[in-house]
Amino acid sequence: MKTRSIARAAMPAFVLMAITAGTLSAQRPEAGSAAAGYAVVNATAGVAALTGVTLLDGTGTPARRGQTVVISGTRIAAVGPDGSVDIPDGAEVMDMAGHTVMPGMIGLHNHLFYTAAGGRSAQLTYSAPRLYLGSGVTSVRTTGSRQPYAELNLRAEIEAGRTPGPRIHITAPYVTAGGGISGMTMLESPEQARRFVRYWAAEGATWLKAYTNIRTEELSAAIDEAHQQGIKVTGHLCSISFTEAVALGIDNIEHGLATNSDYSEGRGQDECPSNLWDDAVAVDVNGPEAQATFQAMIDAGVAMTSTLAVYELFIQGRPTRDARSLEAMSPAVREDYLAAKAQIDEIGRAEDEFLTAMAYEKAFYDAGGLLASGVDPTGNGGALPGYGDQRNFELLSEAGFAPHEVVQVLSANGARVLDVFEDLGTVEAGKIADLVVMSGDLTADPSVIRNVTVVFKDGVGYDSSRMLADVRGRVGIN
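Here goes a summary of the coordinates provided. (Residues numbered from 1 in each chain as written. Predicted model: local features only at pLDDT ≥ 70, side-chain atom pairs only at ≥ 80, totals over all residues. Heavy atoms only, no water.)

Things to note about the overall build of the protein
Stated formally: Here a strand is any run of E in DSSP of at least two residues, a helix any run of H or I of at least four, and the numbering for each starts at the N terminus. Within these notes, the globule rule equals 2.2 Å times the number of residues to the 0.38 power, and the radius of gyration is based on C-alpha atoms. For each residue, the accessible area found with a 1.4 Å probe, counting protein chains only, is set against the maximum for its type, and the residue is called buried under 20%, exposed over 50%, and partly exposed in between. Note on areas: Shrake-Rupley with a 1.4 Å probe; residue coverage comes only from the protein chains shown. Working convention for charge: Lys and Arg count positive, Asp and Glu count negative, and His plus the chain ends are omitted. One atom stands in for each charge, and that atom is NZ of Lys, CZ of Arg, CG of Asp or CD of Glu.
Across its full length, the protein holds 16 helices and 22 strands. Here the C-alpha atoms of the protein give a radius of gyration of 22 Å, agreeing with the 23 Å that 2.2 N^0.38 yields for 478 residues. Principal-axis analysis of the C-alpha atoms places the extent of the protein at approximately 70 × 45 × 45 Å. Counting the 478 residues in the protein, one finds 60% classified as buried. Taken as a whole, the protein presents about 16,500 Å² of accessible surface, with 49% of it coming from carbon and sulfur. Across the protein, the centroid of the 36 positively charged side chains sits 7 Å from that of the 56 negatively charged ones.

Looking at helix α11 (residues 331-347)
Test applied: In this analysis, the expected span of each helix is defined as 1.5 Å times one less than the number of residues it contains. The directions considered for the arc run from the helix axis to the C-beta atoms. We call two residues in contact when some of their heavy atoms are within 4.5 Å.
Helix length check: α11, at 17 residues, gives a terminal C-alpha distance of 25 Å against a target of 24 Å (1.5 Å per residue), a fit within 8%. Those residues of α11 lying buried are V333, Y337, A340, K341 and I344. The buried residues of α11 occupy an angular sector of 110° when the element is viewed end-on, so they sit on one face. Among the exposed residues of α11, those oriented more than 90 degrees off its buried face are P331, E335, Q343 and E346. Here the buried face of α11 lies against β9 (113-116), β10 (120-123), α9 (308-312) and α10 (323-328).

Some details on the pattern of salt bridges
Worth spelling out the cut-off: Within this document, salt bridges are pairs made up of a side-chain nitrogen of Lys or Arg and a carboxyl oxygen of Asp or Glu, the two lying within 4 Å of each other.
In this structure the tally under the stated criterion is 29 salt bridges. A salt bridge links R321 to D345; its shortest N-O distance comes to 3.0 Å. Highlighted residues: R321 in the loop between α9 and α10 and D345 in helix α11, separated in sequence by 24 residues. When the shortest N-O distance is used, the salt bridge between K362 and D366 registers 2.9 Å. One end of the pair is K362 and the other is D366, both in helix α12 (residues 351-366) and four residues apart, which spans about a single turn. Connected through salt bridges with shared partners, the residues E312, R318, D322, R324, E351, R391, E394, E398 and R450 form a single ionic network.

Here's the deal with helix α13 (residues 387-398)
With 12 residues, α13 should cover 16 Å at 1.5 Å per step; its first-to-last C-alpha distance of 17 Å lies within 8% of that length. By the criterion of burial, α13 is predominantly enclosed, with 11 of the 12 residues buried. Within α13 the residues assigned to the buried category are Y387, G388, D389, Q390, R391, N392, F393, E394, L395, L396 and S397. The positive-phi residue at the C-terminal boundary of α13 is G400, with phi of around 110°.

What about the nonpolar core?
We apply this condition: Residues enter a nonpolar core if they are buried and are Ala, Val, Leu, Ile, Met, Phe, Trp, Tyr or Cys, with the set joined through side-chain atoms within 4.5 Å.
One finds M102, I253, Y360 and L442 to be the most contacted residues of the largest nonpolar core, which totals 105 residues. In this structure Y360 touches F242, G256, L257, N260, Y263, V285, A290, T293, F294 and M304, once residues within four positions along its chain are discounted. Counting 18 residues, the second largest nonpolar core, distinct from the first, contains V40, V53, V427 and V454.

Notes on the packing of helix α8 (residues 288-300) against α12
Condition: Axis lines are fitted to C-alpha atoms, over the contacting stretch for helices. Their N-to-C directions set the angle, which ranges from 0 to 180 degrees. Angle categories are assigned with fixed cut-offs, so that under 35 degrees is roughly parallel, over 145 is roughly antiparallel, 65 to 115 is roughly perpendicular, and the rest are oblique. Less than a right angle of anticlockwise turn of the near helix away from the far helix marks a crossing as left-handed, whereas a clockwise turn marks it as right-handed. Only Asp, Glu, Lys and Arg are considered charged in this grouping, and only Ala, Val, Leu, Ile, Met, Phe, Trp, Tyr, Cys and Pro are considered nonpolar; every other residue, Gly among them, is considered polar.
As a packed pair, α8 and α12 sit with axes 10 Å apart at the nearest point and diverge in direction by 50°. As summarised for this structure, α8 and α12 are arranged oblique, according to the angle between their axes. Considering the relative orientation of α8 and α12, their crossing is right-handed. Contact residues: α8 offers A290, Q291, T293, F294, M297 and I298, while α12 offers Y360, A363 and F364. The residue inventory of the contact of α8 with α12, partitioned by class, reads seven nonpolar, two polar and no charged.

A word on the environment of H99
Cut-off, in case you're wondering: Whenever a nitrogen or oxygen atom comes within 3.5 Å of another N or O atom, the pair is scored as a polar contact, on the condition that within protein one atom can donate a hydrogen and the other can accept it, and that pairs from neighbouring residues in sequence are kept only if both atoms are in side chains.
As for its placement among the helices and strands, H99 is situated in strand β7 (residues 99-103). A polar side-chain atom of H99 sits 3.3 Å from the main-chain carbonyl oxygen of A97.

Remarks on the sheet that holds strand β11 (residues 137-141)
Strands belonging to one sheet form pairs held by backbone hydrogen bonds; the direction of such a pair is parallel or antiparallel. Test applied: Being paired, for any two strands, means DSSP has found at least two bridges between them.
Pairing is parallel in the open sheet, where three strands are placed in the order β8-β11-β12. Single-partner strands in this sheet number two, and they are β8 (105-107) and β12 (167-169). Taken pair by pair, the neighbouring strands of this sheet meet at an average axis angle of 15°, ignoring direction. Summarising the sheet, β11 and β12 pair through three bridges and their orientation is parallel. In the sheet register, R141 faces β12, and the bridge partner there is H169.

Some thoughts on the state of the cysteines
The line we're drawing: Cysteine sulfur atoms are paired as a disulfide whenever they come within 2.5 Å of each other.
Under the criterion given, the structure shown has one disulfide. Across a sulfur-sulfur distance of 1.9 Å, C238 and C272 are joined as a disulfide pair. Because the torsion about its S-S bond is 85°, the bridge between C238 and C272 counts as right-handed. Placement of the pair is C238 in the loop between β16 (232-235) and α6 (242-248) and C272 in the loop between β17 (252-254) and α7 (276-281), with a sequence separation of 34 residues. Classification of C238 by relative accessible area gives buried; the value is 3%.

Some details on the packing of aromatic side chains
This is how the line gets drawn: Two rings belonging to Phe, Tyr or Trp (six-membered ring only in the last case) form a pair when the distance between their centres is within 6.5 Å. Interplanar angles under 30 degrees mark stacking, angles over 60 mark edge-to-face geometry, and anything in between is tilted. Placement of a charge over a ring requires the Lys NZ or Arg CZ to be within 6 Å of the ring centre, with the centre-to-atom vector within 35 degrees of the ring normal.
Counted by the stated rule, this structure contains eight aromatic pairs. Between Y149 and W200, the ring centres sit 5.4 Å apart and the planes meet at 45°, which makes this aromatic pair tilted. Residue Y149 is located in helix α3 (residues 148-159), and its partner W200 is located in helix α4 (residues 190-203); the two are separated by 51 residues in the primary sequence. Owing to a relative accessible area of 10%, W200 belongs among the buried residues under this scheme. Summarising the aromatic geometry, the rings of W277 and Y311 are spaced 6.3 Å apart at their centres and angled 15° between planes, so their arrangement reads as stacked. Linking W277 in helix α7 with Y311 in helix α9, this pair joins segments that are 34 residues apart in sequence. Take W277 and Y311: they sit in the same class, and that class is buried. An aromatic cluster of three or more residues is present, and its members are Y263, F294, Y360 and F364. Taking NZ or CZ as reference, R324 lies 4.0 Å from the ring centre of Y387, over its face.

What follows is the structure, encoded as structure tokens:
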């Protein structure tokens, strides 16, 4: 068997070796070919073994040290302590002592478009898939689309191996009511809601997203029709509260505390209160009101999606000037973002309110709720695809989650929501080989989540540093 180190400094040689050996042309039995010359390890040409790793496997159990993970083809063949796992002759063995391995992240609120300060908006067909995959996000749900056909086409390109990127679960264009929001579908009747759902289900969308001013009649019809068509519904809510949406049959709810009108007294039916945030952050996250919301969601199997990275951007004094993100932005986007952040540090929301939102998600998880995560690269533009998903790891750690719990939220729980847990979300024998390799001990330092060296998707290991280098200065442009 061949043995080599996987140190970051040696990456360019690995890339050259992979291209020279012709591994990029290998036929793929699963979606997602080794695209665009970023592959450094291709287990489809044989077998690869990662040895000496600290493993956070996504199952919710604490880390195991000194582990070996064997990849054969697109699947994980074996996982166990070093020396106890059978490594086939001829396997490429990579010594990864000093590295942490976790499952590929599954982003449940990960748009392929981007909004930024100054009213800027761009469809990130080039930069988003590279940022996601290079950061360790191997599957995304778009969770609201502005250019759905661009996203359907990008998914086809990734599946054909012509461009790198994560698996994409397509959400239809937003649905709302009341007018005034460009690019969203304004539902005026239950019949229109059903027609909309049928059309987008036929076009390949597997999720629908309701937005803030949606009305009860239209959302109820959309959920019913979606379930008849075999697709699911999530929502960025306000006019309909979390418990009301649960009663209507919604499958997932986005953003957590900041969008829940359960705690706004005197709110009328289908009314989005103007003081939603103030009402929400005044709630006792361990009190009866919050716990009633949690229990309703848990009893109905409704998941919550954490998007802390995007909300942090609007809080005074938070560390939201990530050098990597600033480098990835186009110059004009960077300039406007930094100006906006300077203002927010003076007039933004107070940090204690953000800490309450974090505690709300921890309380939901502790109550037995299914919490997943996503970046939502919108707002003023500081939470970038991929980098914001990594930031969520740090923020959930700050909220009191143990490392193995955060990994479960970022991987296995997303797989459960997307109904792909049989194949993805944990590092276990038989599952698809989607893995994130990081330099350092993630159990000791949450910032190690930023030290990604190789990302495996479908058994192909991609050079993270090269992929991320190719988007510098391009976010906000393409």
